[in-house]
Amino acid sequence: MERTFREALRHRRSYYALAPESPIDDARIEEIVRFAIKHVPSAFNSQSTRAVLLLHEHHDELWKIVKRTLRAIVPEGAFARTEEKIEHSFAAGYGTVLFFEDTDVVRGLQQQFPAYAGNFPVWSEQTSAMHQLAVWTMLEDAGLGASLQHYNPLIDDEVRKRWSLPGEWKLVVRDTRRRTGRKDVQTAGRTHQGVQIKGAEPGFRTKIPQNSPEKFGDSDFLYTFALAIEKHAMRK
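The shown structure was predicted, so the numbers you read here are calculated from the model rather than taken from an experiment. (Residues numbered from 1 in each chain as written. Predicted model: local features only at pLDDT ≥ 70, side-chain atom pairs only at ≥ 80, totals over all residues. Heavy atoms only, no water.)

## Brief notes about the overall build of the chain
Right, on to step 1. Counting its secondary structure elements, the chain contains seven helices and eight strands.
Right, on to step 2. For the chain, buried positions account for 51% of its 236 residues.
Right, on to step 3. Counting only contacts in the chain whose residues sit at least 6 apart along the sequence, the fraction spanning at least 24 positions is 79%.
Right, on to step 4. With an accessible surface of roughly 11,300 Å², the chain has 52% of that area assigned to carbon and sulfur atoms. (Helix = DSSP H or I, 4+ residues; strand = E, 2+ residues; numbered from the N terminus. Buried < 20%, exposed > 50% of the residue type's maximum accessible area, 1.4 Å probe, protein only. Contact = heavy atoms within 4.5 Å. Areas by Shrake-Rupley, 256 points an atom, 1.4 Å probe, with all protein chains shown as cover.)

Next comes the structure, spelled out in structure tokens:
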């Protein structure tokens, strides 16, 4: 169902009772993330947001990392409640989108425009927030339920290592989407030079070789897995 922009914003909610199902296919989920990356504005046209879409086994692995990390720091008597929340409200979903900000882009702008140097980190966070809202609202409009979660910086290093992400990418938020009577997908990120897709449904669209960068609009999208993804025409 496609609503007006006002209707879509009003209808968006946080959903915690989720299931590993989606009313739309992986290609459509990917297209929603790509659409936000291409069309959401940013200060000075910085395009500093990065997104990593984790589906299927990659989604599951992320939440195992979260549980393992929290188990080491949460008091033993309190961990059972934490684990239950992760298992039933986050890990139970269909996928996850990780939102990052590319600190190299921010530093470059600070050097280029020193008079505004103190503002660029703030504007970067605002840029990320706009992308989060756009992706969340569009997934909601597609019939998915979601919630935003923040486990950074606790899991940052392990996430970067596991999915071979640049050290300059700063994790901002995790957007989890799944379904229990509603569609559910998890969204976690946006990128200026890269949207990474992990674990898409097998056999959809044209396959892209492992570690093959593709142009999409004004951004480079790096696919670190041999996923079946349709190539998009460059924006003129």
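## Section: the pattern of salt bridges
Right, on to step 1. Counting across every chain of the model gives twelve salt bridges.
Right, on to step 2. In this structure, R50 engages D102 in a salt bridge whose closest nitrogen and oxygen atoms are separated by 3.1 Å. In this pair, R50 sits in strand 1 (residues 49–55) while D102 sits in strand 2 (residues 95–102), placing the two residues 52 residues apart along the sequence.
Right, on to step 3. When the shortest N-O distance is used, the salt bridge between R68 and E158 registers 2.3 Å. A residue pair is termed long-range when its members are at least 10 positions apart, and R68 in helix 3 (residues 57–71) and E158 in helix 7 (residues 156–162) qualify at 90 residues.
Right, on to step 4. Take R68: its relative accessible area is 46%, and that puts it in the partly exposed class.
Right, on to step 5. The class for E158 is partly exposed, based on a relative accessible area of 31%.
Right, on to step 6. The network of salt bridges with shared partners includes K67, R71, E83 and E87. (Salt bridge = Lys/Arg side-chain N within 4 Å of Asp/Glu carboxyl O.)

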